[in-house]
Amino acid sequence: MKLKSVGFKNKNQMNKKKVLKSSLGIDVSKASLSMCLCFLEEDLNKRFLSIPDVSNDLVGFKVLLKRLKTEGFKDVLPLIVMEATGVYHESLAYYFHGKGADVCIMQSGRVKKYAQSLDQRSKTDALDSKMLAMLGCERTTTPWTPPAENLQHLKMLSRERSLLLKEKNSLKNRLHAIETSMYSDKKTLKRFKNRAKLLELQIVEIALEMEDLVSKDKELVAKFKYLESIPGISFISAATVVGETLGFSLINSAKQLTCYAGYDVVLKESGAYRGKPLSKRGNSHIRAIMHMPSMKAVRVNPTLKPFYERLKPKKVKPMVALVAVQRKLLILMYILWKTETEYQADYEQKKAVKIRDLYCAR
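One structure accompanies this document, and this report is about it. If you're wondering where the values come from, they're calculated on a predicted model, not measured in any experiment.

**Quick word on the overall build of the protein**
What the protein contains, in helices and strands, is 15 helices and 7 strands. Residues counted as buried form 40% of the 362 residues belonging to the protein. Intrachain contacts of the protein at a sequence separation of at least 6 include 61% that bridge at least 24 residues. Here the protein displays about 22300 Å² of accessible surface, and carbon together with sulfur accounts for 54% of that area.

Next up, the structure:
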């Protein structure tokens, strides 16, 4: 799709305009990259230049870099804006970051809201790349930096363990069905049991690898102690949350963290119905791992236990109060990680006394 330039009558007039900012929007798919350049000029008009698609591999990246240099980006590359698409954007991001370009990886939710603000009804790769390029020129973006390799490895291991746990539960249910069936073959039963043992061994092996990975980094060891000081948080829970957030590297506030994990509340109204359910649009791996810590926290955590007991009678289902505990636990982990402090059971009491003393002093 060919995109037209905006705000100029001829090429000579266009070339005289001073460029204030430029960005390259890239719509990433598994096999190809669809791209559009956007130039924000001194009269605040935007000029667009479509670039032919290239393959989503090293060969395509080199072709794109060569094309950018022919467009005048020899010393400084434009801002690269792309949407997070599973793992397909990662090689592209690493390549251009290595070439010195500012890379911005946008979460799908923010991109969707921006597209809605443009009243863009059609959806094509060319339009998406143009929209990303406009976003880069109009908005202030946060530069992306490659996460630490050990945190990436930790995330991979935690997801592998999560997958094996799902397979184990599925296999356990199937094994129970075979054992209670009117007819069960001994050889089939034996094979199922062997697979269950293999899965159990692999789950233990992954947990040991995660512990070994963390133990090799002194800074990680110290920070994990802060998280594990929270009653109810185990090493596996801490490792999963740290891996999925890459050490909270792109998290700047508790609100952003709850949205990232899908614990944010959305208002839904329809006729007489009024509800505030969770969005559940965030990271499902974090929500899954926080369930068991919350179950333990409502029994042993001196801060969250009274919170749960106070909230539970007010909710229709006890699970709603338990999810609120999960949200508080996650925020607490984030705060301790960022401030590098251990959990204090009497923190709220001390805070209340401090506020009272300040109030009395006035």
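**Some words on helix α12 (residues 291–300)**
Here α12 has its buried residues at P293, S294, A297 and V298. The arc enclosing the buried residues of α12, seen along the axis, measures out at 135°, which places them on a common side. Opposite its buried face, α12 presents the exposed residues M292 and R299, each directed more than 90 degrees away. In this fold, the buried residues of α12 make contact with α9 (235–245), α11 (284–289), α13 (304–311) and α14 (318–339).

**Things to note about the packing of α12 against α13**
With their axes 6 Å apart at the nearest point, α12 and α13 run at an angle of 95° to one another. Looking at the two axes, α12 sits roughly perpendicular to α13. Facing A297, V298 and R299 of α12, the residues of α13 in contact are L304, K305 and Y308. Classifying every residue of the contact of α12 with α13 gives 4 nonpolar, no polar and 2 charged.

**Things to note about the sheet that holds strand β2 (residues 32–41)**
One open sheet accounts for 5 strands, arranged β3-β2-β1-β4-β5; its pairing is mixed. A single partner strand is all that each edge strand has here, and the edge strands are β3 (46–55) and β5 (103–106). Ignoring which end each strand starts from, the neighbouring axes of this sheet average 20° apart. Strand direction decides the pairing type here: strand β4 (residues 79–83) and β5, joined by 4 bridges, are parallel. When the sheet's bridge partners are listed, E83 is paired in β5 with M106. Together, β1 (19–28), β2 and β3 form the strand contacts of helix α2 (residues 58–70), whose direction differs from that of β3 by roughly 150°.

**Considering the layout of surface pockets**
If a probe the size of a water molecule is rolled over the atoms, the empty space left behind becomes visible. The calculated volume of the largest pocket comes to roughly 1900 Å³. The wall of the largest pocket is formed by 43 residues, among which A84, M106, Q107, S108 and Y260 lie closest to the centre. Elements supplying a minimum of two residues to the lining of the largest pocket: α3 (90–98), β5, α4 (108–117), α6 (149–179), α9 and α10 (254–261). Looking at the lining of the largest pocket element by element, the count peaks at 6 residues for α4. Along the lines of polarity and charge, the residues of the lining of the largest pocket split into 18 nonpolar, 16 polar and 9 charged.

The rules we used
Residues numbered from 1 in each chain as written. Predicted model: local features only at pLDDT ≥ 70, side-chain atom pairs only at ≥ 80, totals over all residues. Heavy atoms only, no water. Helix = DSSP H or I, 4+ residues; strand = E, 2+ residues; numbered from the N terminus. Buried < 20%, exposed > 50% of the residue type's maximum accessible area, 1.4 Å probe, protein only. Contact = heavy atoms within 4.5 Å. Areas by Shrake-Rupley, 256 points an atom, 1.4 Å probe, with all protein chains shown as cover. Arc of directions from axis to C-beta. Axes fitted to C-alpha atoms, helices over the stretch in contact; angles between N-to-C directions. Parallel < 35°, antiparallel > 145°, perpendicular 65-115°, else oblique. Nonpolar A, V, L, I, M, F, W, Y, C, P; charged D, E, K, R; others polar. Pairing = 2+ DSSP bridges. 1 Å grid on protein atoms, 1.4 Å probe; cavity = no way out; pocket = protein on both sides within 12 Å on 5 of 7 lines; lining within 4 Å. Points joined across faces, edges and corners; volume = space filled by probe spheres on them.

Any functional reading would require information beyond the geometric quantities listed.
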